[in-house]
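As a plain string of letters, each chain reads:
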Amino acid sequence: MNDVADDESASDAETEENADANGDTVDALESSDPDEVGPVTWIEQQPLPYPSDALEPYISKETVEQHWGIHQHIHVERLNGMIGGSEWEGMSLGQMMLSSFNEGREAPHPPFFHAAQIWNHDFYWRSMQPGGGSKPSERLLKFIKRDFGSYDGMIQQFMDAALTQFGSGWVWLSYKGSKLPHVNSRSPIPSDNYGRLVISKTPNAINPLVWGHSPLLAIDVWEHAYYLDYEDRRADYVSTFLEKLLSWETVESRLKKAVIRAIERDGHVSRKHVRKQLLAQGKSRIRARPQQANENARGQTSSQEKPLGV
Amino acid sequence: MAAFASALGILPSPPASAYPQQRRLRSVKREQMQGCRSRRCSKVVSYYGLITPPYKLDALEPYMSKRTVELHWGKHHQNYVDGLNKQLATSMFYGYTLEELIKEGYNNGNPLPEYNNAAQVWNHHFFWESMQPESGGSPEGGVLQQIEKDFGSFTNFREEFICSALSLLGSGWVWLVLKREERKLSVVCTRNAISPLALGDIPIMNLDLWEHAYYLDYKDDRRMYVTNFIDHLVSWHTVTLRMMRGEAFVNLGEPNIPVA
């Protein structure tokens, strides 16, 4: 199925499939029957992982049914209408999204908006769970403290991003591979290339996946997501999302996958490992050569030990 | 207080606790004199206010519910005004008119922080005045002639307006503008808060396509919202007035060059 020439986007599409809800892959009914008449379903949205009234009283049943059932479905219909006979026919949702993004240099190709919105919404529904909220696990809290100062600092950044996103858009927590803000970039300073958590806001349908980050959670701040329940009170909606609906288990499992992927894709190393290597190099310059082999061996094992040790 | 007094070249008054009885009277008088001076030297500050729509909040029923207008005008539009005033307190744009703010703030596509609030205040004011209860239908006279000249027919214009509104992705506005260069009417869509003023054209009428404008009444049915607007709410009287004003800047008539 990998008819995409670019290696990067193929592996990224794989990335996307892994990044999808808890290992579920995207359902794609690919009809190869040329005689089939009528609307063809190339892409489908993922089913809701909980019943439509499960998020009450924070997000009403009416909103969920409208948002998932009608709004997201409109994107599915439009996308299916656009793909037939085009270069995107036969691609999975993630591949289509990444290849139609057109690398952000000019306006994206037409299918991008709908493909990305379908993907974003699937991701959003799975970022929530009935009876969610509460605090993240200790391990995750450690990384949050490291990257945001404190849990409250992260919440503050979330609120700022959500309230300053002008127009329609999304707010994301993602795992980023390097310090540089650009897409798929690696810093020439090796010690800058450690993975970190970042909060970003994106306009309309853009998501951090097209920037080369690995998203961990999404908050929809398009007005349709909260207008029926909260009217104009976006702050209430976002704080309720963070306190009562967010599924930290999902975030953690996505983070694990993201880190493993980063290690596989980039030969990612932990900061500790980099420091150890530098120390080892320093020591090896002072001591005699035979010591070096031991240092390297020790270095290798430590990078295999803890895949989460970013 | 003491710093101000010294700036005016007056000796600072001793603390009121020293010689309480006599000093109190004298310091009060001195303060009164200083007060007069400070009033003469004080700056008058003014900020933007929220303008009321020219109809009651429930007058646009059933096409736009009272609750939508209450929220849209009372919360969203008000928040833009408050946000703009807060920014202007410390901005170099204090004292600019709204149109100037929009043109300067647009900064050729890289909008400055004050732009969004200013443009949204202007756009919403323009929007309330583009509507009228129990209106819509089709225009008459000169406006109809101009529409027929530039779009072929009123039906064509209506179709183009609706299609343009539906093709907008995300939040934005759809406008009927009078283009300066081409000297004709045209339908344009703009994203978020971009205004045709910033692009150099003369706006004639607009429709808010941000979801907050229609979600409570129409949910995802944007087509019905736009159709209802163009059929029942748009105020052709206002359009005529704006066209008249626009013609002062754009020559729409054929130049009458005498032959021989």
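Residues numbered from 1 in each chain as written. Chains lettered and ligands numbered in written order. Predicted model: local features only at pLDDT ≥ 70, side-chain atom pairs only at ≥ 80, totals over all residues. Heavy atoms only, no water.

All names here are of chain B. Where helix α6 (residues 141-151) meets helix α7 (residues 154-167), the closest approach of the two axes is 8 Å, and the angle between their N-to-C directions is 70°. Judged by the angle between their axes, α6 and α7 are roughly perpendicular. Of the residues in α7, those in contact with L144, I147, E148 and F151 of α6 are F154, N156, F157 and E160. Among the residues making up the contact of α6 with α7, the classes are represented as five nonpolar, one polar and two charged. (Axes fitted to C-alpha atoms, helices over the stretch in contact; angles between N-to-C directions. Helix = DSSP H or I, 4+ residues; strand = E, 2+ residues; numbered from the N terminus. Parallel < 35°, antiparallel > 145°, perpendicular 65-115°, else oblique. Contact = heavy atoms within 4.5 Å. Nonpolar A, V, L, I, M, F, W, Y, C, P; charged D, E, K, R; others polar.)

Before going further, it helps to examine the UniProt feature "domain: Manganese/iron superoxide dismutase C-terminal" (unreviewed entry) in chain B. In this numbering, the UniProt entry assigns the feature "domain: Manganese/iron superoxide dismutase C-terminal" (unreviewed entry) to residues 140-240 of chain B. Across residues 140-240 of chain B, helical content stands at 50% and strand content at 23%; the span's end C-alpha atoms are separated by 9 Å. (UniProt positions renumbered as here; feature names shortened; annotations may be inferred.)

Counting residues at the interface gives 21 residues for chain B and 17 residues for chain A. Summing the contributions of chain B and of chain A, the shared interface buries around 1900 Å²; its carbon and sulfur component is 55%. For the chain B face of the interface with chain A, the top three residues by lost area are B:E211, B:Y215 and B:D220, together amounting to 30%. Connecting chain B to chain A are two salt bridges. (Buried area = accessible area lost by both parts, 1.4 Å probe. Salt bridge = Lys/Arg side-chain N within 4 Å of Asp/Glu carboxyl O.)

With that settled, the discussion passes to the sheet that holds strand β2 (residues 196-203) of chain A. The strands that make up a sheet are held in pairs by hydrogen bonds between backbone atoms, and each pair lies either parallel or antiparallel. Residue and element names in this part refer to chain A. Reading across from one edge, β2-β1-β3 is the order of the three strands in this open sheet, with antiparallel pairing throughout. Each having just a single partner strand, β2 and β3 (214-220) make up the two edges of the open sheet. Neighbour-to-neighbour, the strand axes of this sheet turn through a mean angle of 20°, independent of strand direction. Relative to β2, strand β1 (residues 169-176) is paired through eight bridges, and the arrangement is antiparallel. By the bridge assignment for β2, S174 is matched with V198. In this fold helix α4 (residues 111-127) packs onto β1 and β3, with an angle of close to 85° to the strand it touches most, β3. (Pairing = 2+ DSSP bridges.)

Let us look at the nonpolar core. Judged by nonpolar contacts, the single largest core of 139 residues is most densely connected at A:I219, B:F157, B:F161, B:M205 and B:Y225. No other element matches the nine residues that α4(A) contributes to this core. Beyond its immediate stretch of four places on either side in the chain, B:F157 contacts B:I147, B:F151, B:L176, B:V187, B:M205, B:I230 and B:W236. (Core = buried A, V, L, I, M, F, W, Y, C linked by side-chain atoms within 4.5 Å. Buried < 20%, exposed > 50% of the residue type's maximum accessible area, 1.4 Å probe, protein only.)

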